[in-house]
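Each chain, letter by letter, is given below.
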Amino acid sequence: MTAQPVAAIVGMGDAYATRADRKDPLQLAVEATVAALADAGITKNQVDALFTGRSPWADKRSQWNNIFASHMQMPLTFTSELTLHGAGLTATLAQASQMIAAGKAEYVLCLQSDATELFVDAVAMGAEADADPQFEVIYGPTIPSLYAQAARRYFHEFGITETDLAEVAVANQRWGAHHPHAAKAKHGEIDIATVLDSPYVATPLRRWMCSTWGGGTGGALVVTAPDNVRPHQKPVYLHGYGSATTHEYLSDRMNMRGCKFADFGTLPNLTHTATIEAARQAYAMAELGPSDIDMVQVSVNFAHMGPIVMEDLGFAKKGRGIDVYREGRTGIDGDLPTDTNGGWLSFGQPGISCNMDTLIETVRQLRGQPLGLAPTRKPETALVQGAGGMLAAGSVLVLAA
Amino acid sequence: MSETTAHNDWPQPYRLLDAAPYWAALDEQRLTFQRCADCAEAVWPAHSYCPYCASSALNWAESAGRGTVYSFSTVMRGPTPVWASITPYTVGFVQMAEGYMLFAQIEGGPESIAIDQDVTVRFVERGAQTIPVFTAANPG
């Protein structure tokens, strides 16, 4: 059965911004943190450590974790940005639990905010940040066109089509249409024709197969030891975590000749990700497997990453991840409700280090306090997957109410 | 490292010292790569130690400039004005005959490019730098 939890989330705070209600990342982070501390019933002086993901794109100062802490006048014993690319934010909970287990912290704040759409021309700067500046940027790749390298191979190797990928966008939009902060909620539910009628951004990815920059979000979690939970707190327990990374730039990945992660597949490949290894670690630690998971929040910035990640998480055989979507398993009545705020395809991707939006959604669902739709069967266990870089890194958490 | 400033808006390579011979050879329209004298693997991108066996015996060799398309995507929305001015254009990975993967632009209409297609190098000037691009080896 389930292993003993390694940490407990006892405070949660979220904050949102739109073009009409602009807030910068510092404002979003403060709002979320104040709410999370109040929710946990502690003061900022009880926080020992702070972890963030990458600096927000909308405020690219380095050591953003330090900048936030000093802005809060919140001295700490330790703080850091964790940057397994975008997977680092998910990994903050692992670092928090390790400090707590080592007796080095009683409360750790895990935090992220971004508002890319409100402050940055992300199209112009996108690929320069994530492509090799020496050997790739000189060819003008965009982030969609780099991810599309994987989509094209996935089609080629497994017979997947654009119509298949449209199923992912339709499934996510079904959730997103009902979430008050989903960037694409205004479009309502869509069908496959809607997706296939949208123009290509970078072949074979059409506009509805790509995440959108969605407003801004901030999210903060207060983490402590399981035996430190007090009666009034509504804890969500962390049972397992794992993370892995294989490269920074796609050119490095494509020239790998071997990988120590057992299930990574033969190389070269663009259809397996480090999430395979992250999931293996997290399941082993939690003493749980895919069949024990009631709900999933994944990093699907482009539609093909839905089925690929589902495969990497063990919910389908390689090449058959689309069935999880096609059979309705990810929907409100499904056995594996997925991306219940619409995910990055519909909720939007508020920034580059933005997985706090999925963590917040997970905590809200496990508490039974969703802002959008709740699955028909209230989830007791949840898996959160964060990904980052150009297919570079993955982090996985197993959480339970 | 030297500057990465744009020349006529074309982004220029962020030059690391390991790759200096690569950029110099391109000025003579020669495409080069490294090969490890110890494990015989083709090494790319440029390194100072072999990533496969840690040997420092890396030699520069000349590529014949032929390969096959491993994957590709046609960019419909250019990231900056200079790229927007040439859309649609295709970028992808070429599996080089010498045994390494090279990211590059692949010329031709998006419907004319396919995985496993044979391609061959040609050289174009982008700002101050000559760079390799690929085109169908047997067009038509």
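Just so it is clear, the model here is predicted, and its values are computed rather than measured.

**Q** Just to check I follow, could you spell out the UniProt feature "domain: ChsH2 C-terminal OB-fold" (unreviewed entry) in chain B for this structure?
**A** The sites that carry the UniProt feature "domain: ChsH2 C-terminal OB-fold" (unreviewed entry) are, in the present numbering, residues 60-124 of chain B. Summarising residues 60-124 of chain B: 6% helix, 52% strand, and an end-to-end C-alpha distance of 22 Å.

**Q** Would you explain the interface of chain B and chain A in this entry?
**A** The accessible area lost on association of the parts is a frequent measure of interface size. Listed as interface residues are 43 residues of chain B and, on the opposing side, 33 residues of chain A. Buried area between chain B and chain A, both sides added, is near 3,400 Å², and the carbon and sulfur share of it is 61%. Linking chain B with chain A are one salt bridge. For R257(A), the salt bridge goes to E41(B), with nearest N and O atoms at 2.4 Å. Viewed at the interface, chain A and chain B are joined by 21 residue pairs in polar contact (both at pLDDT 80 or more). Among the elements that line the side of chain B that touches chain A, the one with the most residues is strand β4 (residues 66-75) of chain B, at six residues. Tallied by class, residues from the side of chain B that touches chain A come to 29 nonpolar, nine polar and five charged.

**Q** Can you help me understand the pattern of salt bridges in this one?
**A** It is possible for side chains of opposite charge to pair when their charged atoms get near one another. Residues and elements named next belong to chain A. Under the criterion given, the structure shown has 22 salt bridges over all chains. For R19, the salt bridge goes to E117, with nearest N and O atoms at 3.5 Å. Note that R19 is positioned in the loop between β1 (7-17) and α1 (25-40) and E117 in helix α4 (residues 116-119), a separation of 98 residues in sequence. With a relative accessible area of 25%, E117 lands in the partly exposed category. Between R326 and E167 there is a salt bridge, with its nearest N and O atoms 3.5 Å apart. Taken together, the residues R326 in helix α12 (residues 322-326) and E167 in helix α7 (residues 162-176) connect sequence positions 159 residues apart. Connected through shared salt-bridge partners, D164, E167, R320, D323 and R326 make up one network.

**Q** How do you make sense of the packing of α1(A) against helix α2 (residues 64-71) of chain A when you look at a structure like this?
**A** Packed helices, taken two at a time, are described by their axes: the angle between them and the distance between them. All names here are of chain A. The geometry of α1 relative to α2 is characterised by a closest axis approach of 11 Å and an angle of 60 degrees between their N-to-C directions. When the axes of α1 and α2 are compared, the pair comes out oblique. The two elements α1 and α2 cross, and the hand of that crossing is right-handed. Across the interface between the two elements, P25, L26, A29, V30 and T33 from α1 touch W64, F68 and H71 from α2. Of the residues contributing to the contact of α1 with α2, the split by class is six nonpolar, two polar and no charged.

The rules behind each value
- Residues numbered from 1 in each chain as written.
- Chains lettered and ligands numbered in written order.
- Predicted model: local features only at pLDDT ≥ 70, side-chain atom pairs only at ≥ 80, totals over all residues.
- Heavy atoms only, no water.
- UniProt positions renumbered as here; feature names shortened; annotations may be inferred.
- Helix = DSSP H or I, 4+ residues; strand = E, 2+ residues; numbered from the N terminus.
- Contact = heavy atoms within 4.5 Å.
- Buried area = accessible area lost by both parts, 1.4 Å probe.
- Salt bridge = Lys/Arg side-chain N within 4 Å of Asp/Glu carboxyl O.
- Polar contact = N/O pair within 3.5 Å; in protein donor to acceptor, adjacent residues only side chain to side chain.
- Nonpolar A, V, L, I, M, F, W, Y, C, P; charged D, E, K, R; others polar.
- Buried < 20%, exposed > 50% of the residue type's maximum accessible area, 1.4 Å probe, protein only.
- Axes fitted to C-alpha atoms, helices over the stretch in contact; angles between N-to-C directions.
- Parallel < 35°, antiparallel > 145°, perpendicular 65-115°, else oblique.
- Left-handed = near helix turned anticlockwise from the far one by under 90°.

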